[in-house]
Amino acid sequence: NDLAQAYQTLGILYSIETVQLDNPVPDRFKAIAIIAPKDSFPPNHLANLDDFVQKGGKLLLAVNAVNGDLQTAQGAASPTGIEGWLQPKGLEVEPSFLVAAQCGSVTVQQQQGFFTMQTPVQFPYLPLINTFADHPISKGLEQVIMPFASPVRFLGDSSKVFTPIAFSSTQAGIQRAPVMFDIQKQWNANDFPLNNVIVGGVLE
């Protein structure tokens with residue numbers, strides 16, 4: 001349901017189907033999108049993805065290595081198996097939380113006498129990403145919010161090419177999972193010692 005608009009837009013130029021990874025991917029598929037998976041991938045699914053890529057298929061991976069629960073104020077690693085599958089290919093999605101001074105807000109209830117006020121509070125775990133490479137994938141993007149994003153690192157050799165395309169702002173930091181969210185925390189510059197942390201890229 002979250003992807004209805006994407007389906008509608010892509011459907012103008014492309015045929016879109018759900019693909020089952022229990023069996024080898026049929027040749028008619030040119031690209032596969034895996035977006036925010038919640039369950040772990042069994043070995044045969046990953047093997048079929050390997051086969052698909054080796055035959056020239058393209059992959060879009062939008063994977064959450066960590067997950068935050070605002071109800072319990074906790075953040076934890078959220079492994080799916082995709083992270084381990086990417087590592088031999090030279091790509092690491094770190095199970096950490098990117099925090100940024102430029103960020104989205106969460107609504108907090110505050111009691112003022114007899115009244116309950118809904119107050120927006122900046123929440124650095126919802127980083128605003130507004131630095132993009134000049135690349136066909138990111139061309140035209142101005143700003144996106146990436147809730148509970150993680151750093152991406154290329155650790156491969158010269159047999160592969162990694163092109164970073166999305167970066168954090170100039171005031172960013174990394175917090176290793178698990179974490180406890182403190183809505184009342186007073187953030188300062190020392191919490192954001194990093195800049196231009198990579199959060200997305202193209203691996204060829």
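That block above? That's the structure.
The following paragraphs examine the structure supplied in this document. These figures come from a predicted structure and were not determined experimentally.

**Looking at the sheet that holds strand E8 (residues 115-129)**
Read from one edge of the open sheet, 3 strands run E7-E8-E10, paired in antiparallel fashion. Taken across any chain shown, the strands that pair with only one partner, and hence form the sheet edges, are strand E7 (103-112) and strand E10 (144-145).

**Describing the pairing of strand E12 (residues 162-167)**
Across 2 bridges, the pairing between strand E9 (residues 131-132) and E12 is antiparallel. Its bridge partner lying in E12, Thr131 is registered against Phe167. As defined by bridge partners, E12 adjoins strand E15 (residues 198-203) across 5 bridges and the pair is classed as antiparallel. Within E15, the residue paired with Ala166 across the bridge is Gly200.

**Digging into helix H2 (residues 43-54)**
The first and last C-alpha atoms of H2 sit 16 Å apart over 12 residues, in line with the 16 Å expected at 1.5 Å per residue. Of the residues making up H2, those classed as buried are His45, Leu46, Asn48, Leu49 and Phe52. Down the axis, H2 shows its buried residues gathered within 160° of arc, on one side only. Of the exposed residues in H2, the ones pointing more than 90 degrees away from its buried face are Pro43 and Gln54. Considering only its buried residues, H2 is in contact with strand E1 (31-35), strand E2 (58-62) and helix H3 (82-86). Trailing H2 by a residue or two, Gly56 shows a phi angle of about 100°, which is positive.

**Some remarks on a nonpolar patch on the surface**
Residues Leu3, Tyr7, Leu10, Ile12, Leu13, Tyr14, Ile16, Ile35 and Leu60 make up a contiguous nonpolar surface patch of roughly 940 Å² in combined accessible area. Mapped onto the elements of the fold, Tyr7 is located in helix H1 (residues 4-10).

**Focus: the packing of aromatic side chains**
A ring pair, where both rings are aromatic, is described by two values, the distance of the centres and the angle of the planes. On inspection of all chains with the given rule, the structure shows 10 aromatic pairs. Ring geometry for Phe148 against Phe181: centres 5.7 Å apart, planes inclined by 20°, an arrangement best described as stacked. Here Phe148, found in the loop between E10 and strand E11 (152-154), pairs with Phe181, found in the loop between strand E14 (179-180) and E15; they are 33 residues apart in sequence, far enough to count as distant. As far as burial versus exposure is concerned, Phe148 and Phe181 are alike and both buried. Where Trp187 meets Phe192, the ring centres are 5.6 Å apart and the plane angle is 15°; that geometry is what we call stacked. Taken together, the ring pairs connect Phe97, Phe123, Tyr125, Phe148, Phe181, Trp187 and Phe192 into an aromatic cluster. In this arrangement the basic side chain of Lys89 is found over the ring face of Trp85, its NZ or CZ atom lying 4.1 Å from the centre. A cation sits over an aromatic face here: Lys185 above Trp187, 4.8 Å from the ring centre.

Calculation criteria
- Residues numbered from 1 in each chain as written.
- Predicted model: local features only at pLDDT ≥ 70, side-chain atom pairs only at ≥ 80, totals over all residues.
- Heavy atoms only, no water.
- Pairing = 2+ DSSP bridges.
- Helix = DSSP H or I, 4+ residues; strand = E, 2+ residues; numbered from the N terminus.
- Expected span 1.5 Å × (residues − 1).
- Buried < 20%, exposed > 50% of the residue type's maximum accessible area, 1.4 Å probe, protein only.
- Arc of directions from axis to C-beta.
- Contact = heavy atoms within 4.5 Å.
- Patch = residues over 30% accessible without salt bridge, like charges linked within 9 Å, V, L, I, M, F, W, Y side chains within 5 Å.
- Areas by Shrake-Rupley, 256 points an atom, 1.4 Å probe, with all protein chains shown as cover.
- Salt bridge = Lys/Arg side-chain N within 4 Å of Asp/Glu carboxyl O.
- Phe/Tyr/Trp six-rings, centres within 6.5 Å; stacked < 30°, edge-to-face > 60°.
- Lys NZ or Arg CZ within 6 Å of the ring centre and 35° of its normal.

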